[in-house]
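# Structural characterization, general
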Amino acid sequence: MQPHLKKAFTLLAIIIIAFIFVRSIAVPDSFGEYGWYRGDSVNELRNQPVEHAGSQACSDVDCHKTLYSIWSESRHKTVNCETCHGPAEKHVSNVRIMPEPANDSRDFCGLCHYKRVARPGEFPQIDPVTHGENLRCAYCHNPHKPWFV
Ligand code: HEC
Ligand code: HEC
Ligand code: HEC
């Protein structure tokens, strides 16, 4: 074999061995157990605490039944309670634990309602500069039953 080829093959062999060595250290044991991902991640995800209870849970056992029925007929019926009120599983399983107050800032409502050219034209949008005299949105709108239903 030509000497320069010998060098090239030796180098290639070293690279392959180094790759196998690094891979054996870097790839977690459970990789490939079920597919192209860490098998352990399935258990890790399953063991995460449940944080959301779902809107329905708010109306169970007569807690917020009236509010729920108002909301479920309103145009906000597609915006779940926990979208504005945050995760509520702790509060649902123990009513003594109060949820964080809902975010009632203008910018929060604005996440969905500030005018953006990328939004469908028929979606209700406002210009934050001219609309609502810089007051909190809930000052005029009921978040559980916004107007014009
Ligand atoms: C669009 C956001 C939004 C959604 C959706 C929403 N809320 Fe609210 N909620 C608020 C805000 C903001 C306040 C504070 C109102 C205020 O400051 O006048 C509030 C207040 C409340 C209060 C305390 C005051 C009151 O009116 O009794 C309760 C209880 C409540 N919400 C429950 C719910 C439940 C249950 C749902 C789902 C059925 C829900 N909310 C859906 C934003 C929301
Ligand atoms: C996660 C997105 C989201 C958030 C946050 C949100 N909304 Fe809405 N809002 C909607 C959707 C969806 C509709 C229904 C649109 C439709 O029916 O076409 C709606 C409808 C409305 C309408 C009715 C407009 C009409 O023409 O009838 C008003 C007013 C309104 N929202 C005010 C608020 C206020 C005030 C807040 C904050 C307390 C808020 N929204 C937070 C998604 C959101
Ligand atoms: C001073 C009272 C007031 C405040 C504060 C206010 N609004 Fe309104 N909003 C109105 C009135 C009145 C209308 C109906 C007339 C109009 O479209 O201007 C309206 C209409 C809307 C509509 C329907 C627009 C459409 O074209 O369908 C949306 C969405 C809305 N408001 C969202 C908000 C949001 C989000 C905030 C907070 C950033 C807010 N409003 C603050 C009084 C208010």
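Everything in this summary refers to the structure shown in the same document. The model shown is predicted, which means the values in this text are computed figures rather than measured ones.

## Here we look at the coordination of the iron atom of ligand 1
At the metal site, the iron atom of ligand 1 is ligated by His85 (NE2) and His144 (NE2), and these contacts range over 1.9 to 2.0 Å. Coordination at the iron atom of ligand 1 comes from 6 donor atoms whose angles at the metal span 88 to 178°, giving a geometry best classed as octahedral. Of this pair, histidine 85 sits in helix α5 (residues 81-85) while histidine 144 sits in the segment after α7 (106-113), and the two are 59 residues apart along the sequence. With a relative accessible area of 33%, histidine 85 lands in the partly exposed category. According to the relative accessible area criterion, histidine 144 is partly exposed, its value standing at 25%.

## What to know about the site of ligand 1
The local shell around ligand 1 holds 16 residues, among which Cys81, Cys84, His85, Arg136 and His144 are the closest. At 2.7 Å, a side-chain N or O of histidine 85 approaches a nitrogen atom of ligand 1. One of the side-chain N or O atoms of arginine 136 is found 3.2 Å from an oxygen atom in ligand 1. For the shell around ligand 1, the secondary structure elements donating two or more residues are α4 (65-72) and α5. Its residues assigned to classes, the shell around ligand 1 shows 9 nonpolar, 5 polar and 2 charged.

## Remarks on the coordination of the iron atom of ligand 3
Protein coordination at the iron atom of ligand 3 comes from His131 (NE2) and His141 (NE2), with a distance range of 2.0 Å. Around the iron atom of ligand 3, the 6 donor atoms are arranged such that angles at the metal cover 85 to 180°; this shape is classified as octahedral. One end of the pair, histidine 131, is in the segment after α7; the other, histidine 141, is in the segment after α7, with 10 residues separating them in the sequence. Take histidine 141: its relative accessible area is 27%, and that puts it in the partly exposed class.

## Some points on the side chain of serine 41
With respect to the secondary-structure elements, serine 41 resides in helix α2 (residues 40-46). Note on serine 41: relative accessible area 18%, which makes it buried. A distance of 2.6 Å separates a polar atom in the side chain of serine 41 from the backbone oxygen of arginine 38.

## A look at the site of ligand 3
Lining the immediate environment of ligand 3, one finds 14 residues, of which His131, Gly132, Cys137, Cys140 and His141 sit closest. In terms of residue class, the shell around ligand 3 is built from 8 nonpolar, 4 polar and 2 charged.

The rules behind the values
- Residues numbered from 1 in each chain as written.
- Chains lettered and ligands numbered in written order.
- Predicted model: local features only at pLDDT ≥ 70, side-chain atom pairs only at ≥ 80, totals over all residues.
- Heavy atoms only, no water.
- Donors = N, O, S within 2.8 Å, 3.2 Å for Na, K, Ca; no water.
- Tetrahedral: all angles 85-135°; square planar, octahedral: opposite > 155°, others 65-115°.
- Helix = DSSP H or I, 4+ residues; strand = E, 2+ residues; numbered from the N terminus.
- Buried < 20%, exposed > 50% of the residue type's maximum accessible area, 1.4 Å probe, protein only.
- Near = heavy atom within 4 Å.
- Polar contact = N/O pair within 3.5 Å; in protein donor to acceptor, adjacent residues only side chain to side chain.
- Nonpolar A, V, L, I, M, F, W, Y, C, P; charged D, E, K, R; others polar.

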